[in-house]
Structure formats: C-alpha cells, structure tokens
Amino acid sequence: MDFAPSEEQQAIFDMARDFGQDRIAPHARAWEEAGTIPRDLWADVAQLGFGGLYVSEEYGGAGLSRLDGTLVFEALAMACPSVASFLSIHNMCGGMIDKFGSPDTKARWLPGLCSMETVFSYALTEPGSGSDAAALRTRAERTDAGWRLNGTKAFISGGSYSDAYIAMVRTGVDGPKGISAVIVPDGTPGLSFGALEQKMGWKAQPTAQVQFDDCDIPADHLLGEEGRGFAYAMAGLDGGRLNIAAAALGGAQAALDATVAYMGERRAFGQSLDQFQALQFRLAEMETALQSSCIFLRQAAWKLDSRTPDATKFCAMAKLHVTDRAFEVANQCLQLHGGYGYLADYGIEKIVRDLRVHQILEGTNEIMRLIVARAMLAERG
C-alpha cells in the first residue's frame, strides 16, 4: 500500500497550485466583490487541461482519474474555494456527458466543454426539492421536434453565467424512474433566470434560479437514455462530492498555513503566539484533522476509480468527514487570528464563509449520514 502520490500526480498538484497562486489568489477578493469570475480565466484553465479532467482524450479531455481530480481542486482551492468549486461543477458535467452521452452527443458538446468555450452548469435542485431530489417537478413533454420544458431550478451555480445547463427533468412517472437528463444551451427561447442570489460565501460565482417556460429543445439534447437521469445524477454526485471535499480541504489548508505563519509573528504577553502550549495543542489538532481528511479523501477517490461496491458509501463518508473537519479548522484559524481574523484583509473570514456551504451542497451532510447508514444496513443482510 503506497500513500505517496506518483511523480505525475505530484506534478499535477504543483501545476494547479502554482496556477492558483499566480492567476487566482491575487484577484480572489476583487472577484468576490464583483460577484463574478472573469471569462478569460477559463481559457487559461483549459490550456492546462483542467476544462475536461474526466473527458477522454478523443474529445479533447485530459482523461484523468477521480483521484487526480481531487488533487487539482484541492490545489486550486488554496487560492480560492469558490473558483475551484465552480470549476468542479463544470467538470462534473463533462464527466457525465463522457460517461453517458451518445457518440453524437459527445462529439457535439465535449470539445467546447474541454476548451471552456462552453461553460457548463448542473441543474438538479428545485425550490421544493433539495434533499428529496427525486421529487423534482420540472417537466419535459414530448413535441414533434423534441422536448418542451417547464419548471424552475434553484441555487444553480452559474445561473445566467454559464453557456449550457445539464438539467434533470421529469419525462415520466413520479419518482426516480421518471427523470431524464437534458442539455439546454444558453439563449434557448423560454430559458430565463432569476435575480442573482445574495449569499454568505461563494460570492465570486453567480448563483440564480434557472427557469423554463415552454422552453423547446431538440430531441438529440436528451443525455443518454430516457428515464435514466436520476441514476446519472447520483453517479455524477459521487465524484462531485469528492471534488467538493477536496476544495474544502484546500481552503482549510490555506487557512492553517496562514495561521501558523501569523502565530510566529504575533506577540502577546512577551512571546509569540506559537510558544503557548495550549495554542500548540490546537495547531496539532488541526493538522491531525486535515491529514486524516486527506487520507480518507484519497481512499474514497481510489474506490470510485476502482469501481468497488462500497464506493458510493465511501464518497459520502469522505464528503461528510472532510467538509466538517475543514470548516472546523477554518473557524479555529479565524479564532486564533483574533480580531484580525474577522477582517477581510487577512483572508481567513472569506475561507470560513466559503467552506460553510460545502457542508450543504452536493447532498447535505445529513443526507451523507443517511447514505452511509443505509449502506451499512444493506451490507448486514
């Protein structure tokens, strides 16, 4: 059993970290204040191969593993968890198209996705169905030319910003078997957006409702098979949960690194903060939390890559454990900065705000507990 990354994996991590520190970190606060991410960033991201991490090379992708992807998002999140997480959603969409799309669907959408000329968003959640995703009500009715969509999606990262949306819609009976996945390009008649949401964190990425009002799409915009959308969505979320955990880990690590440096500089009662034993204990606890989270995340990613029977359970456990520990560490880092941690200039309060939502999206951590418990009970029998 080898816990060390390969030379290639270390190179991927270093490349993503260096890019983040050069192209993202210096602008993260300004992008948060502007409430958007400059479009020209994505061309640079795509040149590194990060636009289609899980897409096969045939369509312009990098063909990387899920474990490799966690390294990318962890490293980028050290610069800004919001930007890294937005990119993870785009890549989740790419992975779904590559895995479930027909050859024609792949050829149509994946080259632009990989070059990031076409930025993708994922639209599952609705105002009345969050954790109970199978209860979604957005409908797609057959027409002579394809499908007519009606309904509303909520909390959509990239709503009104992205170039295309993978939307889960109801094409059949109630429940998960009646759900299909469709691709809706921006500019489609009947597609509109709500006002931008005012959020606690993730302020750099625009978030809005996505609305379908007699929104007509061609028949070939169906992704995969009719009635398989919910299965596709859940499969996509296994990887998405790893990426969100990785971004939380990277953000927390950045907060801890900044805190260790700060405690060596800040003096109180005649000595630097890092000389107080009680505070040293807290540093040790945070380091242990992040190192254990890292190992857990890598194991879950390996299981997903290896398609082990318990991969979904481990993805849920990793998402639960890593995002909880990461937020706790970031919050402790703010506390150790004292009043300065509350100021935007030090960057810690932004990390705390950004990481809070990682415990909610891609399935709340309460739902993660439900997935794990159900898997345990099924294994018992």
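On a predicted model such as this, the values are computed, not experimentally measured, just so you know.

## So, the pattern of salt bridges
Then, in step 1: In this structure the tally under the stated criterion is 19 salt bridges.
Then, in step 2: When the shortest N-O distance is used, the salt bridge between R39 and D163 registers 2.7 Å. Highlighted residues: R39 in the loop between helix 2 (28–34) and helix 3 (40–47) and D163 in the loop between strand 3 (146–157) and strand 4 (164–170), separated in sequence by 124 residues.
Then, in step 3: Owing to a relative accessible area of 37%, R39 belongs among the partly exposed residues under this scheme.

## Comments concerning the side chain of T138
Then, in step 1: Its location among the elements puts T138 in the loop between strand 1 (120–123) and strand 2 (139–142).
Then, in step 2: A distance of 2.7 Å separates the side chain of T138 from the side chain of E126, its partner in a polar contact.
Then, in step 3: A distance of 3.4 Å separates a polar atom in the side chain of T138 from the backbone nitrogen of T152.
Then, in step 4: Beyond its immediate sequence surroundings of up to four residues, T138 is in contact with E126, N150, G151, T152, K153, M168, V169, R170 and F212.

## Observations regarding the layout of surface pockets
Then, in step 1: There is about 1,100 Å³ of room inside the largest pocket.
Then, in step 2: Lining the largest pocket are 40 residues; nearest its centre among them are T125, I360, L361, E362 and G363.
Then, in step 3: Among the elements of the structure, helix 5 (81–100), strand 1, strand 3, helix 7 (229–265), helix 10 (348–356) and helix 11 (365–380) are those that each provide at least two residues to the lining of the largest pocket.
Then, in step 4: Along the lines of polarity and charge, the residues of the lining of the largest pocket split into 22 nonpolar, nine polar and nine charged.
Then, in step 5: A volume near 550 Å³ is recorded for the second largest pocket.
Then, in step 6: Around the second largest pocket, the lining is made up of 18 residues, and of these D2, F3, A4, R298 and Q299 lie nearest the centre.
Then, in step 7: Taken together, the elements giving at least two residues each to the lining of the second largest pocket come down to helix 1 (7–24), helix 4 (66–77) and helix 8 (277–306).
Then, in step 8: The element contributing the most residues to the lining of the second largest pocket is helix 8, with seven residues.
Then, in step 9: Residue composition of the lining of the second largest pocket, grouped by class: ten nonpolar, four polar and four charged.

## Description of the side chain of Q9
Then, in step 1: By the element assignment, Q9 lies in helix 1.
Then, in step 2: A polar contact of 3.0 Å, which involves the side chain of Q9, links it to the backbone nitrogen of S6.
Then, in step 3: Side-chain polar atoms of Q9 contact the side chain of D68, separated by 3.1 Å.
Then, in step 4: Contact partners of Q9, with chain neighbours within four places excluded, come to L67, D68 and L71.

## Quick notes on the pairing of strand 3
Then, in step 1: Pairing geometry for strand 2 and strand 3, over four bridges, is antiparallel. Note on strand 3: the bridge partner recorded for R142 is W147.
Then, in step 2: Between strand 2 and the antiparallel strand that follows it, strand 3, lie three residues.
Then, in step 3: Examined bridge by bridge, strand 3 and strand 7 (residues 207–218) share nine bridges and lie antiparallel to one another. Bridging from a neighbouring strand, L149 pairs with C215 of strand 7.

## Observations regarding the packing of aromatic side chains
Then, in step 1: Counted according to the given criterion, the structure contains nine aromatic pairs.
Then, in step 2: Their ring planes at 45° and their centres at 5.2 Å tell us that Y340 and Y346 sit as a pair that is tilted.
Then, in step 3: Residue Y340 is classed as partly exposed on the basis of its relative accessible area, which comes to 34%.
Then, in step 4: Of the residues examined, Y346 reaches a relative accessible area of 38% and is grouped as partly exposed.
Then, in step 5: Taken together, the aromatic side chains of W42, F86 and Y161 make up a single cluster linked through ring pairs.
Then, in step 6: Sitting above the plane of the Y161 ring, R39 keeps its charged end 4.8 Å from the centroid.
Then, in step 7: R356 extends its terminal NZ or CZ atom over the ring of F327, reaching a point 5.8 Å from the ring centre.

## Overview of the packing of helix 7 against helix 9 (residues 311–336)
Then, in step 1: One can describe the packing of helix 7 onto helix 9 by two numbers: an axis separation of 8 Å at closest approach and a directional angle of 25°. Between helix 7 and helix 9, the crossing angle belongs to the class labelled roughly parallel. Once helix 7 is placed against helix 9, the crossing between them reads as left-handed.
Then, in step 2: For the contact of helix 7 with helix 9, the class distribution of residues is 18 nonpolar, three polar and three charged.

## Comments concerning a nonpolar patch on the surface
Then, in step 1: A surface patch of nonpolar side chains, about 270 Å² in accessible area, is lined by Y340, L343 and Y346.
Then, in step 2: With respect to the element layout, L343 can be found in the loop between helix 9 and helix 10.
Then, in step 3: For L343, a relative accessible area of 40% gives the class partly exposed.

## Quick word on the pairing of strand 7
Then, in step 1: Note that strand 6 (residues 191–193) and strand 7 share three bridges and pair antiparallel. Within the sheet, the bridge partner assigned to F193 lies in strand 7 and is V210.

## A closer look at helix 10
Then, in step 1: When you tally the buried positions in helix 10, you get eight out of nine residues, the bulk of the element.
Then, in step 2: Considered for burial, the residues of helix 10 that qualify are I348, E349, K350, I351, V352, R353, D354 and L355.

## Here's the deal with the nonpolar core
Then, in step 1: Core analysis: the largest hydrophobic core is formed by 78 residues, its most contacted members being I24, I37, L41, W42 and L76.
Then, in step 2: The greatest single-element share of this core, amounting to 15 residues, is contributed by helix 9.
Then, in step 3: If we skip the residues at most four places from it in the chain, I24 touches F19, W31, L41, L76, A79, C80 and V83.
Then, in step 4: The next biggest cluster of nonpolar side chains, apart from the first, holds 32 residues, and it includes C93, W109, F230 and L361.

What counts, and where the lines are drawn
One numbering rule holds for all chains: residues counted from 1, following each sequence as written. Local features in a predicted model are, by the rule used here, given only for residues with pLDDT of at least 70; side-chain atom pairs are given and counted only at 80 or more, and totals for whole chains, interfaces and linings are based on all residues. As a convention, hydrogens and water are excluded, and side-chain values are obtained from all of the structure's heavy atoms. Between Lys or Arg on one side and Asp or Glu on the other, a salt bridge is scored when a side-chain nitrogen of the former is within 4 Å of a carboxyl oxygen of the latter. The way it works is that DSSP assigns letters per residue, a run of H or I at least four long becomes a helix, a run of E at least two long becomes a strand, and they are numbered from the N terminus. Each residue's exposure class comes from its accessible area (1.4 Å probe, protein chains only) as a fraction of the maximum for that residue type: buried when under 20%, exposed when over 50%, partly exposed otherwise. What qualifies as a polar contact is a pair of N or O atoms within 3.5 Å, subject to a donor-acceptor requirement within protein and to the restriction that residues adjacent in sequence count only when both atoms come from side chains. Residue contacts are defined here by distance: any two heavy atoms, one from each residue, within 4.5 Å place the two residues in contact. Every definition here rests on a 1 Å grid over the protein atoms only: cavities are sets of points where a 1.4 Å probe fits but cannot get out, pockets are open sets enclosed by protein on both sides within 12 Å along at least five of seven lines, and lining residues have some atom within 4 Å of a point. Grid points are joined across faces, edges and corners, and a volume is the space filled by probe spheres set on the points. Note that Gly is not counted as nonpolar here; it falls among the polar residues with everything else outside the nonpolar set of Ala, Val, Leu, Ile, Met, Phe, Trp, Tyr, Cys and Pro and the charged set of Asp, Glu, Lys and Arg. In this analysis, strands are considered paired if DSSP registers two or more bridges between them. Two aromatic rings from Phe, Tyr or Trp, using only the six-membered ring of Trp, form a pair when their centres are within 6.5 Å; if the ring planes differ by under 30 degrees the pair is stacked, by over 60 it is edge-to-face, and anything between is tilted. Note on criteria: charge over ring means Lys NZ or Arg CZ within 6 Å of the ring centre, with the direction from the centre no more than 35 degrees off the ring normal. Lines fitted to the C-alpha atoms define the axes, with helices restricted to the stretch that makes contact. Angles between their N-to-C directions range from 0 to 180 degrees. Note on angle classes: values under 35 degrees are labelled roughly parallel, values over 145 roughly antiparallel, values of 65 to 115 roughly perpendicular, and the remainder oblique. Crossing handedness: left-handed means the near helix sits turned counterclockwise from the far one by under a right angle, and right-handed means the same turn made clockwise. For patch building, the residue pool is restricted to those with more than 30% relative accessible area and no salt bridge; the joining distance is 9 Å between like charges and 5 Å between nonpolar side chains (Val, Leu, Ile, Met, Phe, Trp, Tyr). Residue exposure ignores everything except the shown protein chains as possible cover, and the areas themselves are Shrake-Rupley values with a 1.4 Å probe. Among buried residues, those of type Ala, Val, Leu, Ile, Met, Phe, Trp, Tyr and Cys that are joined through side-chain atoms within 4.5 Å constitute a nonpolar core.

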